[in-house]
Amino acid sequence: MADEVVLLDFWPSMFGMRVRIALAEKGVKYEYKEEDLKNKSPLLLQMNPVHKKIPVLIHNGRPVCESSIIVQYIDEVWKDKAPLLPSDRYQRAQARFWVDFIDKKMYDASTKTWTTEGEEQEAAKKEFFEALKTLEGQLGDKPFFGGDNFGYLDLSLIPFYYTYETFGKSSIEAECPKFKAWVKRCLQRETIAKALPDEKKVLEHASGMRKNLVLE
Amino acid sequence: MAEVKLLKTWSSHFALRVVWALKLKGVQFDSIEEDLSNKSPLLLQHNPVYKKIPVLVHNGRAISESLVILEYIDETWKQYPLLPDDPYERARARFWAKFSDDKVFPSIWGVFIKQGKEQEEAFAQVFENFSFLEEELKGKKFFGGEKIGYADLALGWIAERVFELEEIGVKVIEKEKFPLVSAWMQEFLKVPVIKESLPPHEKLVTKMRGIREKYLGAAHPK
């Protein structure tokens, strides 16, 4: 029986992007459903009654929620191709730790960088870039966080590239050269190029968000 | 021979999860009590990112964040599996564990540090969270099914703390409103490994009362 895979998502969502990349890496065919977050579909509310958020992966009618959980699910179900989590359990623990770190330390700071101004924005930028530098330390000289192969930590982090491209281009080049090289390597992958929306579109969307917050 | 150390404090419910997991699997370990006002060089070395407990040190390598530690323990010691084999059931267990930390804890903290009208309003969130847990427990004794598992260990702090909270005047759950969650709490605390690892009740009540008074005092300075 063919698998039925549906992804409820919102195109600029960094969490949604993680899932899109994971599905692409595994070559899974799926139906993409765009959600209007101001007018959530009955399907979304039914499939994620607890959080009412995207992304939601619906596999043969059963929902999986929370991007980090969805990506691990994808890795465990479609296990014959492109392993996303490391095979060594200590490395797996490290990957989980750092994805949790990204969610705790980078997401809010990134959002505030886009949606605030003045001192608040400067503080958010500082927090974001400090977290980034901590992560760069984890990369070391490896091509990817997963080692030779692109993996769970790489795909969890790459969607944040819009934030550092927009707000810290010169600082990145000056202070995080390994990071910049890693971003370039990731963007060369077909799976990522397909899953990530166009930079201009993201910037337009973010400007729209700022206008709605009456900042401009 | 494998060497397992756990850096913890006596009152941390995050550390308690790890104790429960290790004991359920019959893993021998050394407990190292940390004084968080004077963190040891060992803690700072093994968790430089957050400088927090719990930290599991296995054969010299450190793992931090209680839920990450739980998964590592489950993958390393195969007896008494905490997570099911089926990927969908695993995803569900992980979902409820995350729900515990992302939603339930902040909501209970919210009522713990407030009083009066503010506290009343904060209770709405607690009740909403409990109603989700109530729904999930339909047809099940534990979140893990017939036996306790990963999600039970993650949510177990609720069962453990609810009595201390009541003693200091914060009643978070009514049996009539949430019969399944209430029954789960009782059954969870009956599990021998859980029962024998609980922190000293009076000491915890005193500590929690002190924390609550501090927050209430700060909110309404005299």
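Quick note: structure is the one above.
So, a few notes on the structure that sits alongside this text. (Residues numbered from 1 in each chain as written. Chains lettered and ligands numbered in written order. Predicted model: local features only at pLDDT ≥ 70, side-chain atom pairs only at ≥ 80, totals over all residues. Heavy atoms only, no water.)

## Some thoughts on the packing of helix α1 (residues 13–24) of chain B against helix α3 (residues 66–76) of chain B
Working note: a packed helix pair is described by the angle between its axes plus the distance between those axes.
Residue and element names in this part refer to chain B.
Consideration 1: In the contact formed by α1 and α3, the axes pass within 9 Å of each other and the chain directions differ by 10°. Judged by the inter-axis angle, α1 sits roughly parallel to α3. Listed contacts from α3 to Phe14, Arg17, Val18, Ala21 and Leu22 of α1 are Ser66, Leu67, Ile69, Leu70 and Ile73.
Consideration 2: When grouped by side-chain class, the residues that make up the contact of α1 with α3 number eight nonpolar, one polar and one charged. (Axes fitted to C-alpha atoms, helices over the stretch in contact; angles between N-to-C directions. Helix = DSSP H or I, 4+ residues; strand = E, 2+ residues; numbered from the N terminus. Parallel < 35°, antiparallel > 145°, perpendicular 65-115°, else oblique. Contact = heavy atoms within 4.5 Å. Nonpolar A, V, L, I, M, F, W, Y, C, P; charged D, E, K, R; others polar.)

## Quick word on the packing of aromatic side chains
Consideration 1: Tallied over the entire structure, the rule returns 29 aromatic pairs over all chains.
Consideration 2: Ring centres of Trp96 of chain B and Phe99 of chain B lie 5.2 Å apart, and the angle between their planes is 85°; on these two criteria the pair is classed as edge-to-face. Of the two residues, Trp96 of chain B and Phe99 of chain B are both situated in helix α4 (residues 87–112); the distance of three residues between them amounts to about one turn of the helix. Residue Trp96 of chain B shares its accessibility class with Phe99 of chain B, and that shared class is buried.
Consideration 3: Site record: aromatic cluster; members linked through ring pairs are Phe128, Phe129, Phe145, Phe160, Tyr161, Tyr162, Tyr164, Phe179 and Trp182 of chain A.
Consideration 4: In this arrangement the basic side chain of Arg189 of chain A is found over the ring face of Phe144 of chain A, its NZ or CZ atom lying 5.7 Å from the centre. (Phe/Tyr/Trp six-rings, centres within 6.5 Å; stacked < 30°, edge-to-face > 60°. Buried < 20%, exposed > 50% of the residue type's maximum accessible area, 1.4 Å probe, protein only. Lys NZ or Arg CZ within 6 Å of the ring centre and 35° of its normal.)

## Details of the pattern of salt bridges
Consideration 1: The final tally for this structure, using the stated rule, is 32 salt bridges over all chains.
Consideration 2: Its salt-bridge partner being Glu130 of chain A, residue Lys126 of chain A comes within 3.5 Å of it at the nearest N-O pair. Residue Lys126 of chain A and its partner Glu130 of chain A are located together in helix α5 (residues 118–139), separated by four residues, close to a single helical turn.
Consideration 3: What makes Glu130 of chain A partly exposed here is its relative accessible area of 44%.
Consideration 4: Measuring nitrogen to oxygen at the nearest pair gives 3.4 Å for the salt bridge that ties Glu3 of chain B to Lys5 of chain B.
Consideration 5: Salt bridges linked by common partners bring Glu76, Arg92 and Arg96 of chain A together with Glu71, Glu75, Arg90 and Arg94 of chain B together as one network. (Salt bridge = Lys/Arg side-chain N within 4 Å of Asp/Glu carboxyl O.)

## Structural notes on a positive patch on the surface
Consideration 1: Positive charge collects at one region of the surface, where Lys40, Lys52 and Lys53 of chain A together with Lys103 of chain B lie side by side.
Consideration 2: Looking at the secondary structure, you find Lys40 of chain A in the loop between β2 (31–34) and α2 (42–47).
Consideration 3: Taking the relative accessible area as the measure of exposure, Lys40 of chain A reaches 31% and is therefore partly exposed. (Patch = residues over 30% accessible without salt bridge, like charges linked within 9 Å, V, L, I, M, F, W, Y side chains within 5 Å. Areas by Shrake-Rupley, 256 points an atom, 1.4 Å probe, with all protein chains shown as cover. Lys, Arg positive; Asp, Glu negative; His and termini not counted. Charge placed at Lys NZ, Arg CZ, Asp CG, Glu CD.)

## Description of the layout of surface pockets
Residues and elements named next belong to chain A.
Consideration 1: Approximately 470 Å³ is the volume attributed to the second largest pocket.
Consideration 2: Along the wall of the second largest pocket there are 23 residues; nearest its centre are Pro86, Phe145, Gly146, Gly147 and Asn149.
Consideration 3: Every element with two or more residues in the lining of the second largest pocket is listed here: α4 (89–115) and α6 (152–157).
Consideration 4: Among the elements that make up the lining of the second largest pocket, the one with the highest residue count is α4 (five residues).
Consideration 5: Across the lining of the second largest pocket, the residue classes tally to twelve nonpolar, eight polar and three charged. (1 Å grid on protein atoms, 1.4 Å probe; cavity = no way out; pocket = protein on both sides within 12 Å on 5 of 7 lines; lining within 4 Å. Points joined across faces, edges and corners; volume = space filled by probe spheres on them.)

## Focus on the sheet that holds strand β4 (residues 62–65) of chain A
Residues and elements named next belong to chain A.
Consideration 1: Spatially, four strands are ordered β2-β1-β3-β4 in an open sheet, and the strand pairing comes out mixed. Each edge of the open sheet carries a strand with a single partner, namely β2 and β4. For this sheet the average axis-to-axis angle between neighbouring strands, irrespective of direction, equals 20°.
Consideration 2: As paired strands, strand β1 (residues 5–9) and β2 are joined by four bridges and run parallel to one another. Pairing of Val6 across the sheet is with Glu31, part of β2.
Consideration 3: Against the sheet, helix α1 (residues 14–26) makes contact with β1, β2 and β3 (56–59), and its axis sits at roughly 155° relative to β1, the strand it touches most. (Pairing = 2+ DSSP bridges.)

## A closer look at the interface of chain B and chain A
Consideration 1: On the side of chain A, 27 residues touch chain B, which itself brings 26 residues to the contact.
Consideration 2: Taken together, both faces of the contact between chain B and chain A bury some 2,500 Å²; the carbon and sulfur share is 64%.
Consideration 3: Among the residues of chain B in contact with chain A, Tyr50, Tyr88 and Phe95 of chain B are the three that bury the most area, contributing 24% of the side total.
Consideration 4: Our count for the contact surface shared by chain B and chain A stands at seven salt bridges.
Consideration 5: Its salt-bridge partner being Glu76 of chain A, residue Arg94 of chain B comes within 3.1 Å of it at the nearest N-O pair.
Consideration 6: Secondary structure elements with two or more residues in the side of chain B that touches chain A: β4 (61–64), α3 and α4 of chain B.
Consideration 7: For the side of chain B that touches chain A, the element with the highest residue contribution is α4 of chain B, accounting for eleven residues. (Buried area = accessible area lost by both parts, 1.4 Å probe.)

## Brief notes about the nonpolar core
Nonpolar side chains tend to gather and get buried jointly when the protein is soluble and globular.
Consideration 1: Counting 139 residues, the largest nonpolar core has Tyr164 and Trp182 of chain A together with Phe130 of chain B as the members making the most contacts within it.
Consideration 2: Of the domains in this structure, domain 1 (5–77) and domain 2 (89–215) of chain A are the two that each give at least three residues to this core. (Core = buried A, V, L, I, M, F, W, Y, C linked by side-chain atoms within 4.5 Å. Domains from an automatic or database assignment.)

## Comments concerning the pairing of β1 of chain A
All names here are of chain A.
Consideration 1: Taken across its five residues, β1 has five buried, putting it largely inside the fold.
Consideration 2: Both faces of β1 are covered, namely the face carrying Val5, Leu7 and Asp9 and the face carrying Val6 and Leu8.
Consideration 3: Summarising the sheet, β1 and β3 pair through four bridges and their orientation is antiparallel. Bridging from a neighbouring strand, Leu7 pairs with Leu57 of β3.
Consideration 4: Handedness of the β-α-β unit built from β1, α1 and β2 comes out right-handed. (Right-handed = clockwise from strand over helix to strand, strands pointing away.)

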